[in-house]
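Listed below are the residues making up each chain.
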Amino acid sequence: FVMRRNDQRIMAQNDSYLEGTTRQAVARIDEVILNAKKSIVMAAYLYEQGMDAPEVDYTQFEELRVNTPFDGIEYIDRQGSSISASGNRTDLSKSECYLEGMKGNSGIDVSMGMDVIQDSGFSFYAPLHFDGKVIGVLRGILSEEHLQQIIQNEYFGVNARTYLCLSDSTILVSYTDEERSDSVLENLE
């Protein structure tokens, strides 16, 4: 009887520990995402302040990126063509970040197989203005690898399987040593 009560107490303590550390991990992820969203808005504002004409010098993006949490920064012009710091161009005219950014909105877009960093990740975007008009969109990118480092968790000295998912259970990023499917529900079976 005493052993069973002790086991139950230990299990309850473990459950409490797991719940607390999970809440801390979620808070950490929320903080990173909120900081990145604020950072892209601030980067766009600061870039706008230095503009003399409605033209963007993409060679300055690497310098701009160093002072942000992003793995890459690019500019999307009026036609939807993105330009990275290395000068690579990609058509993003159908992407949410372009369409919403050109409307004057800032936000977050989840991307699978992004051109700048060659994997999945989050795009944080903000409109770029000149003389009060939107001339394009500034996009900051957190790569899948960067996000994996953020969601990495350890319990009792063992790496935990950790997933960052959409509401439909689609896995955006995972930290696990195991093979995984595209749905967290399939991974939990």
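Details of the structure are given in the entry above.
Before going into details, it helps to say that this report is about the structure given with it. No experiment lies behind these values; they were computed from the predicted model shown.

## Points about the overall build of the protein chain
So, step 1. Each helix and strand in the protein chain was counted, giving five helices and 10 strands.
So, step 2. Counting every position in the protein chain, which comprises 189 residues, the buried fraction comes to 40%.
So, step 3. When contacts within the protein chain are restricted to residue pairs at least 6 apart in sequence, those whose partners lie at least 24 apart make up 49%.
So, step 4. Just so you have it, the protein chain exposes about 11400 Å², and 49% of that area is on carbon and sulfur atoms.

## What to know about the packing of aromatic side chains
So, step 1. What the rule picks out here adds up to two aromatic pairs.
So, step 2. Geometrically, the ring pair formed by Phe70 and Phe124 is tilted, given 5.8 Å between the ring centres and 40° between the ring planes. Taken together, the residues span a long stretch of sequence, with Phe70 in the loop between α2 (61-66) and β1 (72-76) and Phe124 in strand β5 (residues 121-130) at a distance of 54 residues. Like Phe124, Phe70 is buried.
So, step 3. Put simply, the rings of Phe70, Phe122 and Phe124 touch in pairs and so form one group of aromatic residues.

## Focus: the pattern of salt bridges
So, step 1. Summed over the entire model, instances satisfying the criterion amount to three salt bridges.
So, step 2. Across the pair Arg139 and Glu74 runs a salt bridge whose closest N-O atoms are separated by 2.5 Å. On the criterion of sequence distance, the pair formed by Arg139 in strand β6 (residues 133-143) and Glu74 in strand β1 is long-range, its members being 65 residues apart.
So, step 3. On the basis of relative accessibility, which here comes to 2%, the residue Arg139 falls in the buried class.
So, step 4. Classification of Glu74 as buried rests on a relative accessible area of 0%.

## Details of the nonpolar core
So, step 1. Judged by nonpolar contacts, the single largest core of 28 residues is most densely connected at Phe70, Phe124, Leu128 and Leu138.
So, step 2. If you list the elements that add at least two residues to this core, you get α1 (2-49), α2, β1, β5, β6, α4 (144-151) and β10 (171-175).
So, step 3. A per-element tally of this core places α1 first, with seven residues.
So, step 4. Those residues in contact with Leu138, other than ones at most four positions away along the chain, are Ile40, Ala43, Ala44, Phe61, Leu64, Ile73, Glu74, Phe124, Tyr125 and Ala126.
So, step 5. One finds Leu92, Cys97, Tyr125 and Val137 within the second-largest nonpolar core, a separate group that totals six residues.

## Quick word on the environment of Leu99
So, step 1. Position of Leu99 among the secondary structure elements: in helix α3 (residues 96-102).
So, step 2. Residue classification places Leu99 among the partly exposed residues on the basis of a relative accessible area of 41%.
So, step 3. The spacing of Leu99 and Arg78 is 21 residues in sequence and 10.0 Å in space, taken between C-alpha atoms.
So, step 4. If we skip the residues at most four places from it in the chain, Leu99 touches Ser93 and Lys94.

## Overview of a nonpolar patch on the surface
So, step 1. On the surface, a cluster of nonpolar side chains totalling about 320 Å² of accessible area is made up of Met42, Tyr45 and Leu46.
So, step 2. Topologically, Tyr45 is positioned in helix α1.

## Examining unusual backbone geometry
So, step 1. We note that Asp131 has phi near 50°; this positive angle belongs to a residue other than glycine.
So, step 2. Inspection of the secondary structure puts Asp131 in the loop between β5 and β6.

## What to know about the side chain of Thr68
So, step 1. Locating Thr68 in the fold gives a position in the loop between α2 and β1.
So, step 2. Once residues within four sequence positions are removed from consideration, Thr68 is found in contact with Ala43 and Ile73.

## Structural notes on the pairing of β5
So, step 1. Counting buried positions along β5 yields nine of 10 residues, so the element is predominantly enclosed.
So, step 2. Relative to β6, β5 runs antiparallel, the two sharing 10 bridges. Paired with Phe130 across the strands is Lys133, a residue of β6.
So, step 3. Between β5 and β6, which follow one another and run antiparallel, lie two residues, and Asp131 among them has a positive phi close to 50°.

Conventions we followed
The residue count restarts for each chain, going from 1 along the sequence in the order it is written. Side-chain atom pairs in this predicted model are given and counted only at pLDDT of 80 or more, local residue features only at pLDDT of at least 70, and totals for whole chains, interfaces and linings cover all residues. Note: side-chain values were computed over all heavy atoms of the structure, leaving out hydrogens and water. The helix and strand labels rest on DSSP assignments: H or I over at least four residues marks a helix, E over at least two residues marks a strand, and numbering proceeds from the N terminus. Note on exposure labels: buried denotes an accessible area under 20% of the residue type's maximum, exposed denotes more than 50%, and partly exposed covers the range between, all computed with a 1.4 Å probe on protein chains only. Contact criterion: two residues are considered in contact whenever any of their non-hydrogen atoms come within 4.5 Å of each other. All accessible-area figures derive from a Shrake-Rupley calculation using a 1.4 Å probe, and residue coverage is judged against the displayed protein chains alone. Any pair of Phe, Tyr and Trp rings, taking the six-membered ring for Trp, is counted once the centres come within 6.5 Å. Such a pair is stacked with planes under 30 degrees apart, edge-to-face with planes over 60 apart, and tilted for the rest. Every case where a carboxyl oxygen of Asp or Glu lies within 4 Å of a side-chain nitrogen of Lys or Arg is listed as a salt bridge. Buried Ala, Val, Leu, Ile, Met, Phe, Trp, Tyr and Cys residues form a nonpolar core when they are joined through side-chain atoms within 4.5 Å. Patch building starts from residues that exceed 30% relative accessible area and form no salt bridge, then joins like charges within 9 Å and nonpolar side chains (Val, Leu, Ile, Met, Phe, Trp, Tyr) within 5 Å. By definition, two strands form a pair when at least two bridges between them are found by DSSP.

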